[in-house]
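Now for the letters of each chain:
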Amino acid sequence: MDLGLKGRTALVCAASKGLGKACAMALAREGVSVTITARTRETLEATAAEIRSATGAKVTVVVGDITTPQGRTEALAATPDLDILINNAGGPPPGDFRDWNRDDWVKALDANMLTPIELIKATVDGMMARKFGRIVNITSSAVKAPIDYLGLSNGARAGLTGFVAGIARKTVVNNVTINNLLPGPFETDRMRGSTIANAKKAGIDPDKALADRAAQNPAHRFGQPDEFGAVCAFMCSTHASYMTGQNILLDGGSYPGTF
């Protein structure tokens, strides 16, 4: 399927690895010029080179922290009049809510709620004026099924979800859609690292812990980042112009609900 994206421009946040990288790669394969951001130059440059080699697309690198005003300013300056915005940032740490103070909450909200909102605010009017825009927020399956020890993430991402539910109904008349993409367990460095760390703390063999976690999923495996990227690219396509304000869950069937 031709997604109708050739010649478009995109900003993909936190795209040096994992799901952000997969989204950037999928868009680049469709002929999109992508600007990718992350904090570590070496990793980001390597990802840019990989995407260029695989797709021939134009890839612009912006090193910085997208959760800061300076990071956002630099990323937006590198991508004027962008057509596609992929909001993404690492989630806050797990823990017990009794141990979190106000600064912990503010940091989580800045990264996982207010940063996406600021980027939407900076880009959506231009998209509406040009009559094309696709905004995808990478959130978490915890929005649908909250996890007790991820309270910081649950709260911040749920706040973003509520905000998007309102504004997405105001932009679609101008062919600008805003949707959320909710990953379950995907085979990323972050997922492997946290699983292995928890296994070592519990005195469990890391390989067994990973295998057991995969077996718990109805698909009996973890999701692959390229699967996630492909869905993201479709949500950005010309064929998805009638879908807005939605929460698309990719979790191998882990969520047990009907709705």
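What counts and how
- Residues numbered from 1 in each chain as written.
- Predicted model: local features only at pLDDT ≥ 70, side-chain atom pairs only at ≥ 80, totals over all residues.
- Heavy atoms only, no water.
- Phe/Tyr/Trp six-rings, centres within 6.5 Å; stacked < 30°, edge-to-face > 60°.
- Helix = DSSP H or I, 4+ residues; strand = E, 2+ residues; numbered from the N terminus.
- Buried < 20%, exposed > 50% of the residue type's maximum accessible area, 1.4 Å probe, protein only.
- Lys NZ or Arg CZ within 6 Å of the ring centre and 35° of its normal.
- Salt bridge = Lys/Arg side-chain N within 4 Å of Asp/Glu carboxyl O.
- Pairing = 2+ DSSP bridges.
- Axes fitted to C-alpha atoms, helices over the stretch in contact; angles between N-to-C directions.
- Contact = heavy atoms within 4.5 Å.
- Expected span 1.5 Å × (residues − 1).
- Arc of directions from axis to C-beta.

**Examining the packing of aromatic side chains**
According to the stated counting rule, one finds two aromatic pairs in the structure shown. Taking 5.7 Å as the distance between ring centres and 90 degrees as the angle between the ring planes, the aromatic pair formed by Trp 100 and Trp 105 counts as edge-to-face. Centre to centre, the rings of Phe 186 and Phe 228 are 5.4 Å apart; their planes meet at 80 degrees, and the pair counts as edge-to-face. One end of the pair, Phe 186, is in the loop between strand S6 (176–183) and helix H6 (189–202); the other, Phe 228, is in helix H8 (residues 225–235), and 42 residues separate them in sequence. Side by side, Phe 186 and Phe 228 carry an identical accessibility label, which is buried. For the cation-ring pair, Arg 8 lies above Phe 132, with the distance from its terminal atom to the ring centre recorded as 3.8 Å.

**As for the pattern of salt bridges**
Under the definition given, this model contains eight salt bridges. Between Arg 41 and Glu 45 there is a salt bridge; the shortest N-O distance is 3.3 Å. A residue pair is termed a helical-turn pair when its members lie 3 or 4 positions apart in one helix, as Arg 41 and Glu 45 do in helix H2 (residues 41–55) at four residues. Arg 41 gets classed as partly exposed once you look at its relative accessible area, which sits at 49%.

**What to know about the sheet that holds strand S7 (residues 247–250)**
Within a sheet, neighbouring strands are paired by backbone hydrogen bonds and run either parallel or antiparallel to one another. Strand order in this open sheet of seven strands is S3-S2-S1-S4-S5-S6-S7, and the pairing throughout is parallel. In this open sheet, the two edge strands, each paired with only one partner strand, are strand S3 (59–63) and S7. Strand-to-strand twist in this sheet, taken as the mean axis angle between neighbours without regard to direction, amounts to 15 degrees. As judged from the four bridges shared by strand S1 (residues 9–12) and strand S2 (residues 33–38), these two strands associate in the parallel manner. Bridge pairing in S2 places Thr 9 opposite Ser 33.

**Quick word on the side chain of Ser 140**
By the secondary structure assignment, Ser 140 is in the loop between strand S5 (133–138) and helix H5 (151–171). Beyond its immediate stretch of four places on either side in the chain, Ser 140 contacts Arg 157, Leu 181, Leu 182 and Pro 183.

**Things to note about unusual backbone geometry**
Even without being glycine, Lys 131 reaches a positive phi, approximately 65 degrees. With respect to the helices and strands, the residue Lys 131 is situated in the loop between helix H4 (102–130) and S5.

**Section: H2**
With 15 residues, H2 extends 21 Å from end C-alpha to end C-alpha; this agrees with the ideal 21 Å at 1.5 Å per step. Regarding H2, the residues found buried are Leu 44, Thr 47, Ala 48 and Ile 51. Take H2 and look down its axis: the buried residues cluster within an arc of 100 degrees, on one side only. Turned more than 90 degrees away from the buried face of H2, the exposed residues are Glu 42 and Ser 53. Considering only its buried residues, H2 is in contact with helix H1 (18–29), S2 and S3.

**Some thoughts on the side chain of Thr 161**
Mapped onto the elements, Thr 161 comes out in helix H5. Accessibility expressed as a relative area gives 13% for Thr 161, which makes it buried. In contact with Thr 161, not counting residues within four places along its chain, are Val 143, Asn 180 and Asn 247.

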